[in-house]
Amino acid sequence: MKNFILRILFSSIFIISSTLVQADLEDKIQLSSPGKLCFPQTSLHAEWPIGENGYRLDNVMLTHYLIIPKEDHFKKGAVFVGFRLKSQPEKLWLFDGHEWKIMNDTDPQFFVARTNTIISDAREISTLQPIIHTYISDFPINVNAYTNDGELLVGHGIMNESGPAREAFIDMLQNNRFKVLWEIGSNSLNTLLETVCLNITEMTVIIPTASTANK
């Protein structure tokens, strides 16, 4: 019995220690006075060769900061990053933050940004923050095959507390909560705001531990 109790005790200590090792460190820094952080709402990263062909489309990355309307802040919802072809309007591809897939009609793939931090509460994934960082790939991709045919879209939808992602997708369509970001091949982006500025009074620096940094 004594050995059994010791094994339970050591197992508990190991679990607690492992949890502590896996947790990321947070350093909160109060600013001495309010500061400002400005950045482009949408950035298309591609080489621009000399000539009339515009962007090189064989090495492209695109990031977009989706601005959620004030009335939807912190509601339960989902963000969708999509791709469609004008030549195949019946098909829609969705990006889940890791890979592109043909849309699952019963459970549409919603976007979740990949970070080094561990989300302690799964409910945070479906909470609409005022500004959400989206992208189309973790690395440069070749989109030459979709020139003048493909479109990148982004949008958000609202769902009930017990609602599935499909509910948010339908809400997005019904309330026109999406827009075309870029018509592939165009040298301009379809965005209204060029720069976003945030007033900040505190910042949090998240330091990944060895265990999370290797994931």
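Residues numbered from 1 in each chain as written. Predicted model: local features only at pLDDT ≥ 70, side-chain atom pairs only at ≥ 80, totals over all residues. Heavy atoms only, no water.

(A) The arrangement of the packing of aromatic side chains in detail. Applying the stated criterion to the full structure yields nine aromatic pairs. Measuring from ring centre to ring centre gives 4.5 Å for F39 and Y65, while their planes differ by 50°; the resulting arrangement is tilted. With F39 in strand β1 (residues 25-40) and Y65 in strand β3 (residues 61-67), this pair connects stretches of sequence that are 26 residues apart. Using a relative accessible area of 25% as the deciding quantity, one classes Y65 as partly exposed. Aromatic side chains F80 and F169 sit 5.2 Å apart centroid to centroid with 85° between the ring planes, which places their arrangement in the edge-to-face category. Taken together, the residues span a long stretch of sequence, with F80 in strand β4 (residues 77-85) and F169 in helix α2 (residues 165-174) at a distance of 89 residues. What makes F169 buried here is its relative accessible area of 7%. Taken together through their ring pairs, the aromatic side chains of F83, W93, F95, W100, F111, Y135 and Y146 make up a single cluster. (Phe/Tyr/Trp six-rings, centres within 6.5 Å; stacked < 30°, edge-to-face > 60°. Helix = DSSP H or I, 4+ residues; strand = E, 2+ residues; numbered from the N terminus. Buried < 20%, exposed > 50% of the residue type's maximum accessible area, 1.4 Å probe, protein only.)

(B) Local environment of the environment of L31. When you line up the elements, L31 lands in strand β1. Exposure remark for L31: the relative accessible area of 27% places this residue in the partly exposed category. The spacing of L31 and M203 is 172 residues in sequence and 7.6 Å in space, taken between C-alpha atoms. Residues within four places of L31 in sequence aside, it is in contact with I200, T201 and E202. (Contact = heavy atoms within 4.5 Å.)

(C) Looking closely at the state of the cysteines. Enumeration over the complete set of coordinates arrives at one disulfide. Here C38 engages in a disulfide with C197; their sulfurs sit 2.0 Å apart. Because the torsion about its S-S bond is 110°, the bridge between C38 and C197 counts as right-handed. Residue C38 is located in strand β1, and its partner C197 is located in strand β10 (residues 195-207); the two are separated by 159 residues in the primary sequence. According to the relative accessible area criterion, C38 is partly exposed, its value standing at 41%. On the basis of relative accessible area, C197 is assigned to the partly exposed category, the value being 41%. (Disulfide = S-S within 2.5 Å.)

(D) Inspection of the sheet that holds β3 at higher detail. Read from one edge to the other, the open sheet built from three strands follows the order β2-β3-β7, with strand pairing classed as antiparallel. The open sheet has two free edges, formed respectively by β2 (42-45) and β7 (131-135), since each of these has just one partner strand. Direction aside, neighbouring strands of the sheet carry axes that sit 10° apart on average. Across four bridges, the pairing between β2 and β3 is antiparallel. Directly across from H45, in β3, lies its bridge partner M61. (Pairing = 2+ DSSP bridges. Axes fitted to C-alpha atoms, helices over the stretch in contact; angles between N-to-C directions.)

(E) Quick look at the pairing of β3. In this structure, β3 lies alongside β7, joined through five bridges in antiparallel fashion. By the bridge assignment, L66 is partnered in β7 with I132.

(F) Spotlight on a nonpolar patch on the surface. Together, L25, V205 and I207 line one region of the surface with nonpolar side chains, adding up to about 240 Å² of accessible area. Within the secondary structure layout, V205 lies in strand β10. (Patch = residues over 30% accessible without salt bridge, like charges linked within 9 Å, V, L, I, M, F, W, Y side chains within 5 Å. Areas by Shrake-Rupley, 256 points an atom, 1.4 Å probe, with all protein chains shown as cover. Salt bridge = Lys/Arg side-chain N within 4 Å of Asp/Glu carboxyl O.)

(G) Up close: α2. Among the residues of α2, A165, A168, F169, D171 and M172 are the ones counted as buried. Angularly, the buried residues of α2 cover 160° about the axis, an arc narrow enough to put them on a single face. At its buried positions, α2 is contacted by β4, β5 (88-95), β8 (150-158) and β9 (178-183). Just beyond α2, the residue with positive phi is N176, at close to 50°. (Arc of directions from axis to C-beta.)

(H) Spatial organisation of unusual backbone geometry. A positive phi angle is found at F74, which is not glycine, with a value near 65°. Along the polypeptide, F74 turns up in the loop between β3 and β4.

(I) Layout of the sheet that holds β5. The strand order across the open sheet formed by five strands is β6-β5-β4-β8-β9, and the pairing between neighbours is antiparallel. Single-partner strands in this sheet number two, and they are β6 (100-102) and β9. In this sheet, neighbouring strand axes are inclined to one another by 30° on average, regardless of whether the strands run parallel or antiparallel. Bridging between β5 and β6 involves three bridges; their strand directions are antiparallel. Residue pairing across strands places W93 opposite I102, the latter belonging to β6. Docked against the sheet, α2 engages β4, β5, β8 and β9, running at close to 110° with respect to β8.

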